[in-house]
Amino acid sequence: VQLVESGGGLVQAGGSLRLSCAASGSTFSINAMGWYRQAPGKQRELVAAITSGGGSTNYADSVKGRFTISRDNAKNTMYLQMNSLKPEDTAVYYCNAECGLPLMDYWGKGTLVTVSS
């Protein structure tokens, strides 16, 4: 499975961005997916996750009410709508997919989101 993120960029505080993660390869094996982020000098953290059918989601407390995760399995694409962005949201955002049995993790190369104050 290959994952490619897009949609990052520079935005002012209060603005919005929509990230996309396009999956290719053995996409039939993809189960849950998620968005992670890593800010400079910090550990990678889970931002949001979504189950295989999209029926269940969970979010980090820091983004609840501002970010929305979704997926379109017909397009093999996952999204992260980010609203009311804050400077502390600045990070590289990574797409993650859990695939197969036993589960294996796959990662994209990341997309940089920079929020200016």
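Not measured: the values here are computed from a predicted model.

1. Things to note about the overall build of the protein chain
Secondary structure assignment for the protein chain yields zero helices and eleven strands. The globule rule puts the C-alpha radius of gyration for 117 residues at 13 Å, and the 14 Å found for the protein chain is close to it. Within the protein chain, the fraction of its 117 residues that count as buried is 39%. Across the protein chain, every contact between residues at least 6 apart in sequence was considered, and the portion connecting residues at least 24 apart equals 52%.

2. Describing the state of the cysteines
Scanning the model with the defined rule gives one disulfide in all. Across a sulfur-sulfur distance of 2.0 Å, C21 and C95 are joined as a disulfide pair. Across the S-S bond of C21 and C95 the torsion is about -70°, and the bridge reads as left-handed. Note that C21 is positioned in strand β3 (residues 17-24) and C95 in strand β9 (residues 91-99), a separation of 74 residues in sequence. Residues C21 and C95 agree in their burial class; the two are buried. In this model C99 remains outside any disulfide bridge; the closest cysteine sulfur is found in C95, 9.5 Å from its own.

3. A few points about unusual backbone geometry
Following L101, the chain continues into P102 via a peptide bond in cis, with omega recorded as 0°. Inspection of the secondary structure assignment puts P102 in the loop between β9 and β10 (104-107). Its identity as a non-glycine residue notwithstanding, N76 has a phi of 55°, on the positive side. Note on placement: N76 falls in the loop between β7 (67-72) and β8 (77-82). Positive phi is not limited to glycine here, since S84 has a value of about 50°.

Here is what the cut-offs are and how they apply
Residues numbered from 1 in each chain as written. Predicted model: local features only at pLDDT ≥ 70, side-chain atom pairs only at ≥ 80, totals over all residues. Heavy atoms only, no water. Helix = DSSP H or I, 4+ residues; strand = E, 2+ residues; numbered from the N terminus. Rg over C-alpha atoms; globule rule 2.2 N^0.38 Å. Buried < 20%, exposed > 50% of the residue type's maximum accessible area, 1.4 Å probe, protein only. Contact = heavy atoms within 4.5 Å. Disulfide = S-S within 2.5 Å.

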